[in-house]
Structures are given as C-alpha cells and as structure tokens.
Amino acid sequence: MKKELIVHKDPKAPVSEIFRTLRTNIQFMNTTKKLQTLLITSTLPGEGKSYVASNLAVTFAQAGKKVILIDADMRKGRLYSIFEVSPRPGLSNYLSGIDREGEEEIDISKYIQPTQINNLLLIPAGNIPPNPSELLISEQMSNLLEQLKEVCDIVIIDGTPCELVTDSVILSRIVDTTVIVSAAKETKKDSLGRIITNIKNVGGNLAGVVINKIPLSSKKYNERYYYGSKSSKSKTKRSNKETDSDKTNKATVSDEKTQDILDQINSYMEEDHSGEFEE
Ligand SMILES: Nc1ncnc2c1ncn2[C@@H]1O[C@H](COP(=O)(O)OP(=O)(O)O)[C@@H](O)[C@H]1O
Ligand SMILES: [Mg+2]
C-alpha cells in the first residue's frame, strides 16, 4: 500500500490523530439519524480528495466499522493504486451495466474488492466511461448506495471536483453528508463559497471543510477540519466580518451552520498562519 495511507502506516502521527478527530466529529454530528453515506468533494483536482477519503476510510475501519470506499472519480480515479488492488471491474462497469445479461440484477459483489485493511472494501473507478456524469447521477447509483448500506456501516465516496463537473453537487443530495476538501493557498475562496452555496441550494447536508496541504515548517499538522460550531468565538468573527467593507468574495447562505463554516474559512484564509505550525 502507498505511504500516503498515513493512518495505517503511522497511526501515532499527529496527522493520524487529526483524521481520528475528523471521524469522531462526523460520527457525532448527527445524533438523530444514522449517518451511513459520506461524499468527499473539492473545487478542483489535486486538492486531496483521494488522500482524505482513503485515510478517513481507514480510520473508520480501524474503529471496527465495516467500510465500503467508492472511487467515483471515473475520469481520474486512483484509489486502486493507493490500496494496490485491481483497477477494474469498478464503478463505471457496474453502473453502465455492460456485464448485465438480460434482465437479471447485476451482482455487486463482483465489483467490491477486499483491501489489505481489515473491514475496508473498495469499489475502484473502473474503465473510463464516455459519460461519467450521466452514470453518477443515474438511478442505478442511488440503488447501489441503498444496497451497500445494507451490508456495511459506512459508505465513503471519493467524488469529483465541483468546479469542473456537477456530479458531486448532485450526489450531495443522495448522501447523508458531504465533506469539502480545500488546499491551503491553492483553493480559491470564491470557488469554495460557490460549492457550499451549490450544495446547500440542492438541499445537500454539509459536514464541513477540511483544509489540507497546509505548508509546514514542521510536520506537526497538515490537516484542519472546520465544522459548524456555534461557539461565541465564531459568532464574534462573524460580527466583525459584517463590518468589513470588502465583501466581494463572500458567499452567503441561508442557514446558520453553513454560514458559520464559511465564516471560519474566510477568516482562516485571511489570517497569517505562517508561524503557527512551528514546533
Ligand atoms: N496533506 C497532504 N500532504 C502531502 N501531500 C498531499 C496531501 N494531500 C494530498 N497530497 C498529494 O497531492 C496529490 C493530489 O492529491 P489527491 O488526493 O489525489 O487529490 P484529488 O483526489 O483531490 O485530485 C497526491 O499526490 C497526494 O499524495
Ligand atoms: Mg482523487
């Protein structure tokens, strides 16, 4: 397995601890309804969706949860390589139904591969199809999620980047919650605001935003996770921001929790964090 599976390779690393905190936050964010399907998306390729999705999946598996990780980035999927399993057959093959004979139901188990991690199964992306978006938003995809929910504790979907295609925004409606991965100093604030707004507009539930790839002078931390807290600190930040005259990049949304996330991100990106991670 690749060394970027840090929570497996080095469970005691500070980053692994941060992934466990992210897992705990996700587990506790919803007390009334069982949270079973989680989508990971970002604005653009390369921000760390696959890195976060795979490490998060491993932390759930380490906690004894039965996890199915789906590589839904059918254009650039590389989870098969991170977990060193066969790239196909995968999601595209299942969704396109090319293996179907007559009217029979396709046997999903053919597409789910065991990994070297206990409790963690993977559906790789499969062959690159001509119409990935169409496949992802098909009824077959929601049926797949329904069936997988019967056989595991949590399904984690490594999604597509929202600035390029709309798949993830549409998928956010059929999953229980969505995590957005952003890359420090790369992700544009207005793009981030746009995804958050788009997901809220289709009725998706947002868990929070991971700030990944924070430049380090030490290896102490390289992820952060912001989620909607109603702390007085974030409220203070919000009222400060409201007096700002420059609001050009500020996306606004109607509900308080999401606005909180957005405010925290805006504040974080505007602050100077250069010395923060030094030992
Ligand atoms: N926190 C991180 N620290 C170091 N490298 C990272 C980190 N997150 C991602 N990367 C690297 O950045 C590249 C892109 O990450 P990836 O997860 O494939 O992005 P995406 O799935 O969003 O396209 C990969 O080579 C990955 O190993
Ligand atoms: Mg990826």
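See the structure shown above.
Counting starts from 1 at the beginning of each chain's written sequence and moves along it residue by residue. Just so you know, chain letters begin at A and ligand numbers begin at 1, following the order they were written in. Selection of residues for local features in this predicted model requires a pLDDT of at least 70, selection of side-chain atom pairs for listing and counting requires 80 or more, and totals for whole chains, interfaces and linings are taken over all residues.

**Student:** Even after reading the chapter, I still don't get the overall build of the chain, so can you show me in this structure?
**Tutor:** Helix numbering and strand numbering both begin at the N terminus, where a helix is a DSSP run of H or I of at least 4 residues and a strand a DSSP run of E of at least 2. Per the secondary structure count, the chain includes 11 helices and 8 strands. Think of it as a crowd count around each C-beta: if 20 or more other C-beta atoms lie within 10 Å the residue is buried, if 12 or fewer it is exposed, and in between it is partly exposed, with C-beta placed from the backbone throughout. Taking all 279 residues of the chain together, the buried fraction comes to 41%.

**Student:** For this particular structure, what's the right way to read the pairing of strand 1 (residues 37-42)?
**Tutor:** Regular strands place their side chains on alternate faces of the sheet. Among the 6 residues of strand 1, 6 are classified as buried, and the element is accordingly described as predominantly covered. By the bridge criterion, 5 bridges tie strand 1 to strand 5 (residues 154-161) in an arrangement that is parallel. For Leu 39, the partnering residue across the bridge sits in strand 5 and is Ile 157. In this scheme, strands are said to pair when DSSP sees at least two bridges between them.

**Student:** I tried to follow the nonpolar core on my own but got confused; where do I start?
**Tutor:** Grouped burial of nonpolar side chains is what soluble globular proteins tend to show. Counting residues in each nonpolar core, the largest one holds 62 residues, and the members touching the most others are Ala 57, Val 67, Leu 69, Ile 156 and Ile 157. By the convention adopted here, residues are in contact when the distance between their C-beta atoms, placed from the backbone, does not exceed 7 Å. Excluding its chain neighbours within four sequence positions, the residues that come into contact with Ile 157 are Leu 38, Leu 39, Ile 40, Ile 70, Ala 72, Leu 171 and Val 175. We define the nonpolar core as any set of buried residues of the types Ala, Val, Leu, Ile, Met, Phe, Trp, Tyr and Cys, connected via C-beta atoms lying within 7 Å of each other.

**Student:** In this structure, what is going on with the pairing of strand 2 (residues 67-71)? I would like to understand it.
**Tutor:** Counting buried residues along strand 2, 5 of its 5 residues qualify, which places the element largely inside the surrounding structure. Sheet analysis places strand 2 next to strand 4 (residues 120-123), joined by 4 bridges and oriented parallel. Bridge pairing in strand 4 links Ile 68 to Leu 121. In this sheet, strand 5 lies alongside strand 2 in parallel orientation, the contact comprising 5 bridges.

**Student:** What am I meant to see in unusual backbone geometry here?
**Tutor:** Here Arg 88 and Pro 89 are connected by a cis peptide whose omega angle stands at 5°. With respect to the helices and strands, Pro 89 occurs in the loop between helix 4 (79-82) and helix 5 (91-96). In this model, Lys 185 sits at a positive phi of 70°, which is unusual for a non-glycine residue. By the secondary structure assignment, Lys 185 is in the loop between strand 6 (177-183) and helix 9 (189-201). A residue is classified by how many C-beta atoms lie within 10 Å of it, and Lys 185, with 11 of them, is exposed.

**Student:** Looking at this model, I keep getting lost on the site of ligand 1. Mind explaining?
**Tutor:** Being near a molecule or strand means, for a residue, that its backbone-placed C-beta atom lies within 6 Å of it. As a matter of local geometry, ligand 1 sits amid 12 residues, with Pro 45, Gly 48, Lys 49, Ser 50 and Tyr 51 nearest to it. Looking at the shell around ligand 1 element by element, the count peaks at 3 residues for helix 3 (residues 49-62). Gly counts as polar in this scheme, as do all residues outside two lists: the nonpolar Ala, Val, Leu, Ile, Met, Phe, Trp, Tyr, Cys and Pro, and the charged Asp, Glu, Lys and Arg. Taken together, the residues that form the shell around ligand 1 break down as 2 nonpolar, 6 polar and 4 charged.

**Student:** Help me out: how do you make sense of the environment of Tyr 111 in this one?
**Tutor:** Structurally, Tyr 111 can be placed in the loop between helix 5 and strand 3 (113-114). It is 7.0 Å that separates the C-alpha atoms of Tyr 111 and Tyr 94, two residues lying 17 residues apart in sequence. Leaving out residues up to four positions away in the same chain, Tyr 111 has contacts with Pro 89, Gly 90, Asn 93, Tyr 94 and Ile 123.

**Student:** Is there a simple way to think about the environment of Asp 176 in this case?
**Tutor:** Within the secondary structure layout, Asp 176 lies in the loop between helix 8 (167-171) and strand 6. Distance in space between the C-alpha atoms of Asp 176 and Val 155 is 9.9 Å, their sequence separation being 21 residues. Aside from chain neighbours lying at most four places away, what touches Asp 176 is Leu 35, Gln 36, Thr 37, Leu 38 and Asn 205.

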